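# Observations on the model geometry
Now for the letters of each chain:
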Amino acid sequence: MERALIKIHGIVQGVGFRPFIHRLVRDFGLKGTIKNTSSGVELELDGEKEILEKLVREIPHRAPALAVIEAIEAQYGLPCAGFESFTILASKQEAFRNTLISPDICICDDCLREMMTQGDRRYHYPFINCTNCGPRFTIIKDVPYDRAKTSMSAFPMCAECDAEYHDIENRRYHAQPDACSVCGPVAFFADADGKTLSKGEEAIAQARALLCEGKILAVKGLGGMHLACCCDDPAIARELRRRKQRDEKPFAIMCRTVSAAQSYCEVTPEEAAVLSGKRRPIVLLRKKPAREAELKHLSENRMLGVMLPYTPLHYLLFGDEFDALVMTSANLSDTPILYRNEEAVEKLHGIADGFLLHNREIQTRCDDSLCMVLGEGEYFLRRSRGYVPYPVRISDQDTLPSVLACGAEQKASFCLTKGGSAFPCQHIGDLKNFETFEHYQDQIQHFKRLFDIEPQAVACDLHPDYLSGEYAHEVCKEEHLPLYPVQHHHAHLASCMADNRLDGTVIGLIWDGTGLGTDGNIWGGECLTGGYSEFQRFGSLRPISLIGGDRAIMDLDRIAYVLLREAGKNTARIENAGLYQAMLASGLNCPQSSGMGRLFDGVASVLNVKNNASYEGQGAVLLEAAAGENETDVLPFDLTEQAGLLLFDWRKTIASLAEEKEKGTAVGVLAARFMNTLIEMAVLQCKAAREATGLSRVVLSGGSFQNRYMMQRLPQRLQDQKFDVYRHKRVSCNDEGLSLGQAAVALYQLGKGNYVSGSST
Ligand code: ZN
Ligand code: ZN
Ligand code: FE
């Protein structure tokens, strides 16, 4: 006999972990103690070494669904303690107790089975859940996490639920949101004016009938409301667009099962795994080629956002009636997603024909996550429901100071750190909208309270007009904290490094639409070298004049005009050519931009794919959608050194595109050749950077890398040239992921270089 000290790191608190260990230890017939610590739990057991080792091996295999085990450290051969039983000890550091909160997780198989079993006491009960599933983050008001501090405080448990809650053998042992039809929340159906017409099963039947009639239903999900309608009739989708004033942005659909999704899209095994995983993000899937045109009413490009049902209510709503439904966030012109019953009824008047609501309040808004699947895992375009608020580990140093990073503006985000963990927020939106900015500030306070974080420094973007930057300045002034402004593309580089836990220096290909450079110009087609401490600008692209400044983000022909003119090509096709020329000549409000997103926009217009965008980045999306997949040719281009920068000179590329288009070469061929050109250019820039610096690791970040065509080719091309390539894995490549990089830079500077991201193990 000997004693073992076993430390388990990760998310093992508030997820039914201690009862699990309790059962496991009992099954092995061992005795000892368990307690929560700042980074997980600590277990001490007496026993024979062989049995102790076997138990340790079992832990990761049998751990509860919501637990995340990062590491298990076991020390054997200690003197026996002579334990007489197995006891749960009080936590040493109370401050750390229960500080980690699980995201919302889709209904588990056990609950789904019970819900569909006649005679079960939760048969057809739309709020069924257990320790392994259900709402968490979106119903929590405060910590420590227990029922009294969630939306469930309004629903005292009935005797039967209470008995389950206290029974260690039960799947609902200590499941805070547990309820049944006797004691729990109730669903109800309301008409377009918000008048309640029915409750319970009848409400769901009435909602389903409304959908069958081709009407539009508002339905309350986990983190907010959706608008749902039948997805096979283009007229209904068009009507929803008209009412929602959402002309061209794609709609996501919810499919009953993976095989239902397969009738709309091609689904790889990896995509199926993410789709049906417990986090249930929207996954961008390739439409079945045969149905591509037919599904244009859902999405104008090749991809379609698909998710599976994730709440019991969704499953009941589908019934046997539907295989798929349009399921789009219920919000109005860039305001945050609606999440309260009364507000939804008021604001969706004239949009929704009926409401499927319930009386379990949503405490925290949380939009659906959005990703594509690259390799085996998620590649985020939006990291939100199902993932937030899991921390992103960016260091093993648990004594680091805490920082608040404030993100950018349009795809706003913030990130708070505690020790080696970063807590990036859920999807927020564009801060220029007043309600969104309020939501952003509220969530910063909410996260600080939930995770018990008092930041000792604040990081923000360099841009003087970003509201997130103004907010950062105010906080620092009020609380006398140091402020670290971080250049936009440096933050992207640091974000991808921290995401991959890299240290030292790397080459960064940072491509996005916009970001203020250190020279006062707009950057965004950058090849940088550097690390957390600092960066150098190695390469970029030939700047483009934006006629009318931000107007050019929507009027893409303004950029086409500039590109064609500089390439020495005819601009007569462009309707406002005369006006643009005059504006350019006056030089007023024509800032220079090296943004890759703008080059994409301009090319979309040169090829006549899109001349007026209805949302930022639409040109790039449609250009990618137009591209043929098997085109390998590259267009001519120059890489020239100018003022110490290796610039991509696109003039020959544009000239060639214009000539080929004149000749009648297919747009799909030209769109693909354009992107192939960027890939070859990037490889040459990286090779030159490697020659100059000796660096061979390349990070890819920035919103332009949401482009699947590029992501399926560029990393491979770089690897062929013996580069080590890193892309985002845990946060978005767009500005939503920026705050993580800002935080890493601030941590480094605050600690005078002592911050290390790389894993020590
Ligand atoms: Zn469950
Ligand atoms: Zn009950
Ligand atoms: Fe950016």
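Residues numbered from 1 in each chain as written. Chains lettered and ligands numbered in written order. Predicted model: local features only at pLDDT ≥ 70, side-chain atom pairs only at ≥ 80, totals over all residues. Heavy atoms only, no water.

Here we come to the overall build of the protein chain. Secondary structure summary: the protein chain contains 23 helices and 32 strands in total. The globule rule puts the C-alpha radius of gyration for 761 residues at 27 Å, and the 27 Å found for the protein chain is close to it. Principal-axis analysis of the C-alpha atoms places the extent of the protein chain at approximately 85 × 65 × 50 Å. Classification of the 761 residues of the protein chain by burial places 60% in the buried group. Excluding contacts between residues fewer than 6 apart, the proportion of contacts in the protein chain whose partners are at least 24 apart in sequence is 72%. A total of about 28900 Å² of accessible surface is found on the protein chain, and carbon and sulfur atoms cover 47% of it. Across the protein chain, 84 positive and 99 negative side-chain charges occur, with their mean positions spaced 1 Å apart. (Helix = DSSP H or I, 4+ residues; strand = E, 2+ residues; numbered from the N terminus. Rg over C-alpha atoms; globule rule 2.2 N^0.38 Å. Buried < 20%, exposed > 50% of the residue type's maximum accessible area, 1.4 Å probe, protein only. Contact = heavy atoms within 4.5 Å. Areas by Shrake-Rupley, 256 points an atom, 1.4 Å probe, with all protein chains shown as cover. Lys, Arg positive; Asp, Glu negative; His and termini not counted. Charge placed at Lys NZ, Arg CZ, Asp CG, Glu CD.)

Moving on, we come to the packing of aromatic side chains. Within this structure, the stated rule accounts for 17 aromatic pairs. Ring centres of F414 and Y440 lie 6.0 Å apart, and the angle between their planes is 75°; this geometry places the pair in the edge-to-face category. One end of the pair, F414, is in the loop between β19 (403–405) and β20 (415–418); the other, Y440, is in helix α11 (residues 434–450), with 26 residues separating them in the sequence. Overall, F414 belongs to the buried group, its relative accessible area being 0%. With centroids separated by 5.6 Å and ring planes inclined at 65°, the aromatic side chains of F447 and F451 adopt a geometry described as edge-to-face. A relative accessible area of 0% places F447 in the buried class. (Phe/Tyr/Trp six-rings, centres within 6.5 Å; stacked < 30°, edge-to-face > 60°.)

The subject of this paragraph is the sheet that holds strand β29 (residues 638–642). Taking strand neighbours across the sheet as the criterion, the seven strands line up as β29-β30-β26-β25-β24-β31-β32 in an open arrangement whose pairing is mixed. Of all the strands in the sheet, the pair left with one neighbour each is β29 and β32 (724–726). Adjacent strand axes in the sheet meet at a mean angle of 25°, parallel and antiparallel pairs treated alike. Here three bridges tie strand β26 (residues 535–541) to strand β30 (residues 645–649), and the two strands are oriented parallel to one another. Looking at the pairing, G539 lines up with L646 of β30. Of the strands in this sheet, β24 (506–511), β25 (525–530), β26, β29, β30 and β31 (697–701) touch helix α20 (residues 667–693), which is tilted by about 150° from β24. (Pairing = 2+ DSSP bridges. Axes fitted to C-alpha atoms, helices over the stretch in contact; angles between N-to-C directions.)

Two numbers describe how helix α17 (residues 596–606) lies on α20: the axes approach to 12 Å, and their chain directions differ by 155°. Here α17 is positioned roughly antiparallel relative to α20, judged by the angle of their axes. Of the two elements, α17 crosses α20, and the hand of that crossing is right-handed. Taking contact as the criterion, the partners of M596, L599, F600 and V603 in α17 are, on α20, F674, M675, L678 and M681. (Parallel < 35°, antiparallel > 145°, perpendicular 65-115°, else oblique. Left-handed = near helix turned anticlockwise from the far one by under 90°.)

C108 (SG), C111 (SG), C130 (SG) and C133 (SG) make up the full set of protein donors to the zinc ion (ligand 1), lying at 2.3 to 2.4 Å. Positions of the donor residues of the zinc ion (ligand 1), expressed as sequence spacing, correspond to C-x2-C-x18-C-x2-C. Here C111 is found in helix α3 (residues 109–115), whereas its partner C130 is found in the loop between α3 and α4 (159–165), with 19 residues between them in sequence. By relative accessible area, which is 0% here, C130 ends up buried. (Donors = N, O, S within 2.8 Å, 3.2 Å for Na, K, Ca; no water.)

Further remarks concern the coordination of the zinc ion (ligand 2). C158 (SG), C161 (SG), C180 (SG) and C183 (SG) make up the full set of protein donors to the zinc ion (ligand 2), lying at 2.2 to 2.4 Å. Sequence positions of the donors to the zinc ion (ligand 2) reduce to the motif C-x2-C-x18-C-x2-C. Note that C161 is positioned in helix α4 and C183 in the loop between α4 and β6 (187–191), a separation of 22 residues in sequence. Here C183 falls in the buried class, since its relative accessible area comes to 11%.

Below, the discussion takes up the nonpolar core. Judged by nonpolar contacts, the single largest core of 70 residues is most densely connected at L509, L599, F674 and L718. Looking at this core, the element that brings in the most residues is α20, giving 12 residues. (Core = buried A, V, L, I, M, F, W, Y, C linked by side-chain atoms within 4.5 Å.)

Here the protein chain is partitioned into domain 1 (2–88), domain 2 (187–370), domain 3 (391–500 + 738–752) and domain 4 (508–728). Each of domain 1 and domain 4 has a C-alpha centre, and the two are 54 Å apart. (Domains from an automatic or database assignment.)

Overall, mixed pairing links the five strands, which are arranged β4-β1-β3-β2-β5 in an open sheet. Bordering the open sheet on either side are β4 (68–78) and β5 (86–88), each of which pairs with just one other strand. Across the sheet, the mean angle separating the axes of adjacent strands is 15° when strand polarity is ignored. Pairing geometry for strand β2 (residues 31–37) and strand β3 (residues 40–47), over seven bridges, is antiparallel. Across the sheet, the residue bridging to T33 is E44, located in β3. Against the sheet, helix α2 (residues 49–62) touches β1 (2–11), β3 and β4, its axis set at about 175° to β4.

β2 sits mainly inside the fold: six of its seven residues count as buried. Of the strand pairs in this sheet, β2 and β5 are connected by three bridges, and their pairing is parallel. Paired with I34 across the bridge in β5 is I88.

Another aspect to go through is the state of the cysteines. The tally for this structure, following the rule as stated, stands at zero disulfides. You can see C496 has no disulfide; the closest cysteine sulfur is in C733, sitting 8.9 Å from it. In this structure C527 is a free cysteine whose sulfur lies 5.0 Å from that of C686, the closest cysteine sulfur available. (Disulfide = S-S within 2.5 Å.)

To continue, consider unusual backbone geometry. Look at the link from V388 to P389: it is a cis peptide, with omega at 10°. Inspection of the secondary structure assignment puts P389 in the loop between β17 (377–382) and β18 (392–393). Of note, the phi angle at A643 is positive, near 50°, even though the residue is not glycine. Position of A643 among the secondary structure elements: in the loop between β29 and β30. For K722, which is not glycine, the phi torsion reads 70° and is therefore positive. Here K722 shows up in the loop between α22 (714–720) and β32. A relative accessible area of 67% means that K722 is categorised as exposed.

With respect to the element layout, H297 can be found in the loop between β12 (282–287) and β13 (303–307). Here the side chain of H297 touches C231 through a polar contact of 2.9 Å, landing on its backbone oxygen. Setting aside its immediate chain neighbours within four residues, H297 contacts C231, D232, D233, P234, A237, R241 and F251. (Polar contact = N/O pair within 3.5 Å; in protein donor to acceptor, adjacent residues only side chain to side chain.)

Within the fold, L317 resides in helix α9 (residues 312–318). When its relative accessible area of 0% is taken as the criterion, L317 is described as buried. Ignoring sequence-local partners within four residues, the contact set of L317 consists of I204, A207, R208, L211, L217, V219, F322, L325 and L356.

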